[in-house]
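Fold and geometry: a report
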Amino acid sequence: MQLFFNPNIDESTQSFSFDKEESRHIIKVLRKKDSDILHVTNGSGLLFETQITLASDSKCIVEVLSITNAEKPKFHLHLAVAPTKMNDRFEWFIEKATEIGIQEITPIFCDRSERKVINKDRFEKIILSAMKQCNETFLPKLNEAISFKEFIKKQQKGLQLIAHCEETDKKSLKEVLKPSEDVTILIGPEGDFSEKEIALALENNYKPVTLGNTRLRTETAAVVACHSVVFFNEVPNN
């Protein structure tokens, strides 16, 4: 199934048109024509089966035939991750995390961060493309980049965890997870969180965890954390 995206449609929508760029892609590139079926999501869990009523490359119009409401995940996974020095590594993370099933991402700037600027628009396009590629109907939320200190002041719902490399008393991620529980996990930069940041996180009710016995790159640690939480919640009888 090829999936299209329109954030402005809901259960009351009976027909709608695609913008000029998407219309041209549908008609000129994909060679769709009148009466062809298109599947569209609004990124909020709704899947629309639609039929083309006007196959124009400047304004493709469809009518809604049916709507399916996907079941919302029973947990909310939020990763706050320090942007990597090389942009492509962070882009790889957000693409894979979207495919795996993350709900929210916040880029955080830390004491040892080597990158202090991100291209949010580009990241959002990567997330949208990954969502459509894997036929998901929930679009992950990408927050504005924020400093570690600012983020830590914001109370998050559910379990709050920090994955760091310091040799301190830590439990494995699997040990602290509970089925269907919301969870926020902090992942630091290439040089890890500073001691002050770790202390500040602990003061704000974050629990320290380990993601395994090997030292992982930032983007690898983030993907491992994402997959671990999703897999834990998918496997019965945790």
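Structure report, in brief. (Residues numbered from 1 in each chain as written. Predicted model: local features only at pLDDT ≥ 70, side-chain atom pairs only at ≥ 80, totals over all residues. Heavy atoms only, no water.)

**With respect to the nonpolar core**
Counting 34 residues, the largest nonpolar core has Leu77, Leu79, Phe93 and Ile185 as its most contacted members. For this core, the leading source of residues is helix H7 (residues 218-234), giving eight residues. (Core = buried A, V, L, I, M, F, W, Y, C linked by side-chain atoms within 4.5 Å. Buried < 20%, exposed > 50% of the residue type's maximum accessible area, 1.4 Å probe, protein only. Helix = DSSP H or I, 4+ residues; strand = E, 2+ residues; numbered from the N terminus.)

**Quick notes on the packing of aromatic side chains**
For the structure on display, the rule yields five aromatic pairs. Here Phe90 and Phe123 contribute two aromatic rings whose centre-to-centre distance is 5.3 Å and whose plane-to-plane angle is 35 degrees, an arrangement assigned as tilted. Taken together, the positions of Phe90 in helix H2 (residues 87-100) and Phe123 in helix H3 (residues 120-133) put the pair 33 residues apart, joining distant regions of the chain. Comparing Phe90 with Phe123, the two get one shared label, buried. Three or more aromatic residues link up through ring pairs in this structure, and these residues are Phe4, Phe16 and Phe18. (Phe/Tyr/Trp six-rings, centres within 6.5 Å; stacked < 30°, edge-to-face > 60°.)

**Quick word on the pattern of salt bridges**
Scanning all chains against the criterion turns up nine salt bridges. A salt bridge links Lys28 to Asp57; its shortest N-O distance comes to 3.8 Å. With Lys28 in helix H1 (residues 20-29) and Asp57 in the loop between strand S4 (46-54) and strand S5 (61-69), the pair connects residues that are 29 residues apart, well separated along the chain. By relative accessible area, which is 47% here, Lys28 ends up partly exposed. One salt bridge connects Glu144 with Lys120, and the closest N-O pair in it is separated by 3.9 Å. Within this pair, whereas Glu144 is found in the loop between strand S8 (141-142) and strand S9 (146-147), its partner Lys120 is found in helix H3, the two being separated by 24 residues in sequence. (Salt bridge = Lys/Arg side-chain N within 4 Å of Asp/Glu carboxyl O.)

**Things to note about the sheet that holds strand S2 (residues 15-17)**
Pairing is mixed across the open sheet formed by five strands, whose spatial order is S1-S3-S4-S5-S2. Sheet topology places strand S1 (3-5) and S2 at the edges, where each strand pairs with a single neighbour. Put simply, the sheet's adjacent strands are angled 45 degrees from each other on average, direction ignored. Pairing of strand S3 (residues 37-41) with S4 involves five bridges; the strand directions are antiparallel. Residue pairing across strands places Ile37 opposite Gln51, the latter belonging to S4. (Pairing = 2+ DSSP bridges. Axes fitted to C-alpha atoms, helices over the stretch in contact; angles between N-to-C directions.)

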